[in-house]
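For reference, the chains in residue letters:
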Amino acid sequence: MVIGTALARAKGILIDLDGSFLDGAALAPGALELYESHADRIAFVSNNSSHTPEEMSAELAVLGVKVPAARIFLAGAQAVTWLATHRGTARIFALASRSIRHLARKQGLNLTLEEPEIVLLCRDIELSYERLGIAVSALQEGAELVAANPDLTHPGANGVPVPETGMLLASLRAAVPSAAPIIVGKPRVTMFAAALRSLGCTPEDAVMIGDNPSTDGAGASALGI
């Protein structure tokens, strides 16, 4: 009853994806009904760092959830946008999926293997020992570390943990303890704020549905959601 009342009163509903709206590659129980009941007030805020919003919109459409990419905020894409805004001319080595690397080039970022000034870390499902070594070398030489999110894992199908960006971050910092990352995704409030702008509402008029208190909860609370 309390949850139903909160949703009914909210002008904006922010929803996490993995472990909340999605159970692995399938919708979580009740997810479709929730979306269909409140679609015009929903935006998705996820620490997914391997997909672009357009790719996620297409995947959700296959599951029957037709949400525009403009209502999907993902940590990997947000990290690219942050770099384009704040480090636009820097030489960047990206430990990231092909989709994120393509997005970075599309936004004008200079991706290189030669003397990178920044290491961009996302969930790189094609990670190789060689690429990991390039990142470690760059960080040892003083490159800045920008990470999409700090999550060690995210829930896969039936709750089985899936390795995440934070696990790779831990390995890099094990090799180069001095590397202090800039975290772009949750719990940083940037994505929450962007999602609220897309819905045209204030934090006080919104609710957040998530499964991780240290990212979903902490970020929402910090902004007053």
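Because the structure is a prediction, the values reported are computed rather than measured.

Caption draft 1: Seen up close, the sheet that holds strand 12 (residues 182-183). What the five strands build is an open sheet, ordered 7-6-8-9-12; its pairing is parallel. Across the chains shown, the open sheet's two edge strands, defined by having one partner strand only, are strand 7 (110-111) and strand 12. Pairing of strand 8 (residues 118-121) with strand 9 (residues 144-147) involves four bridges; the strand directions are parallel. Across the sheet, residue leucine 120 finds its bridge partner in strand 9, namely valine 146. Where helix 4 (residues 75-86) meets the sheet, it contacts strand 6 (91-95), strand 8, strand 9 and strand 12, and its direction lies at approximately 160 degrees from that of strand 8.

Caption draft 2: View of the nonpolar core. With 35 residues, the main nonpolar core has Leu14, Val80, Leu83, Ile92, Leu109, Leu120 and Val146 as its most contacted residues. Of all the secondary structure elements, the ones that give two or more residues to this core are strand 4 (42-46), helix 4, strand 6, helix 5 (98-106), strand 8, helix 8 (190-199) and strand 13 (206-209). Beyond its immediate sequence surroundings of up to four residues, leucine 120 is in contact with Ala79, Val80, Leu83, Ile92, Phe93, Ala94, Leu95, Ile100 and Val146.

Caption draft 3: Just the pairing of strand 6, in detail. Summarising burial for strand 6: four of the five residues are buried, a large majority. Of the crossover connections in this fold, the one passing from strand 6 over helix 5 to the parallel strand 7 is right-handed. Judged from the four bridges that link them, strand 6 and strand 8 form a sheet pairing that is parallel. Residue pairing for strand 8: isoleucine 92 is matched across the bridge by isoleucine 118.

Caption draft 4: How the structure looks around the sheet that holds strand 5 (residues 72-74). Pairing in this open sheet of four strands is parallel, and the strands run 5-4-1-13 from one edge to the other. Only two strands of the sheet have a single partner each, and these edge strands are strand 5 and strand 13. Each strand of the sheet is rotated relative to its neighbour by a mean of 20 degrees, with strand direction disregarded. Summarising the sheet, strand 4 and strand 5 pair through three bridges and their orientation is parallel. Counterpart to serine 46 in the pairing with strand 5 is leucine 74. Docked against the sheet, helix 3 (residues 53-62) engages strand 4 and strand 5, running at close to 125 degrees with respect to strand 5.

Analysis parameters
Residues numbered from 1 in each chain as written. Predicted model: local features only at pLDDT ≥ 70, side-chain atom pairs only at ≥ 80, totals over all residues. Heavy atoms only, no water. Pairing = 2+ DSSP bridges. Helix = DSSP H or I, 4+ residues; strand = E, 2+ residues; numbered from the N terminus. Contact = heavy atoms within 4.5 Å. Axes fitted to C-alpha atoms, helices over the stretch in contact; angles between N-to-C directions. Core = buried A, V, L, I, M, F, W, Y, C linked by side-chain atoms within 4.5 Å. Buried < 20%, exposed > 50% of the residue type's maximum accessible area, 1.4 Å probe, protein only. Right-handed = clockwise from strand over helix to strand, strands pointing away.

Read these as layout, nothing more, since geometry by itself doesn't imply function.
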